[in-house]
Structure formats: structure tokens, C-alpha cells
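# Residue-level structural notes
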Amino acid sequence: MKGGGFLVLLFLLFCFLWGVSSIFGGIRKTLNPKKAPQPLPLRVPDRFETAAQTQISELESLFALHQGGALTRDEFEQLKHQLLNPPIPTKSQGVDRA
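All chains use their own residue numbering, which begins from 1 and follows the written sequence. Totals for whole chains, interfaces and linings use every residue, but because this is a predicted model, local features are given only for residues with pLDDT of at least 70 and side-chain atom pairs only at 80 or more, for both listing and counting. Note that the side-chain values use all heavy atoms of the structure and ignore hydrogens as well as water.

### Points about the confidence of the model for the chain
For every residue, the pLDDT score states the predictor's confidence, bounded by 0 at the bottom and 100 at the top. Taken as a whole, the chain shows an average pLDDT of 76; of its residues, 63% reach a score of 70 or greater. Model confidence for the chain, summarised as mean pLDDT per element, is weakest for helix α1 (residues 2–31) at 73 and strongest for helix α3 (residues 73–84) at 91. Note on conventions: DSSP H or I runs of at least 4 residues are helices, E runs of at least 2 residues are strands, and numbering of each starts at the N terminus.

### Description of the environment of Leu83
Looking at the element boundaries, Leu83 is found in helix α3. Placed 27 residues apart in sequence, Leu83 and Ile56 show a C-alpha to C-alpha distance of 9.5 Å. Residue contacts are counted whenever heavy atoms from the two residues lie within 4.5 Å of one another. Residues contacting Leu83, with those up to four places away along its chain left out, are Gln55, Glu58, Leu59 and Leu62.

### Some thoughts on the environment of His66
Within the secondary structure, His66 sits in helix α2 (residues 47–68). Sequence spacing of His66 and Glu77 is eleven residues, and the spatial spacing of their C-alpha atoms is 9.6 Å. With residues up to four places along the chain from it excluded, the contact list for His66 reads Leu71, Thr72, Arg73 and Phe76.

Below, the structure written as C-alpha cells:
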């Protein structure tokens, strides 16, 4: 079994190189630790964006009612105009600045 000794030597060499590479890999990780990924900052929608989203959802609801036949074209146009052009509050009505 001459070839058996060669295989054992090859196996031992492989194990030695594997151990050396894992030791250096551990040292490299210790010297240069990877930074943990930073979580993305949460974006809080502002008042106007939320109002716009509300208008869009209400407009979609009106359109669905119009498509379903619950609203005539004139009723749909009138409600759409009211939704997209709300009355501007005057000084006597007061403005909510919350």
C-alpha cells in the first residue's frame, strides 16, 4: 500500500492548510470587524402627504360608485370638484395649525 501513505500525507496537508486559513480568517475578522448594517430611518409622512392620500382614496371611491352606476356623471363631476377644490377658510372661521 504505497499509495495509502501518500493519501494520508495529502489529507494531513489539507487539514493543516484548512486550520491555518481558519486561524487567519479569525484574526482578520477580529482586526476588521464588519459594521452592523444601520437601519433606515423611518419616514413619517407629513400632514399634506396624508391629506393627499386621503383625497386620492376618496376620489377612487367616488369613481367606483360612478362606474357601478350609483352616481351619474354630473353627480360624480360635482363631488369630484368639491373634493379637489375645498373651500378656503377665512380669518373669521379660524385656521387649525395643529
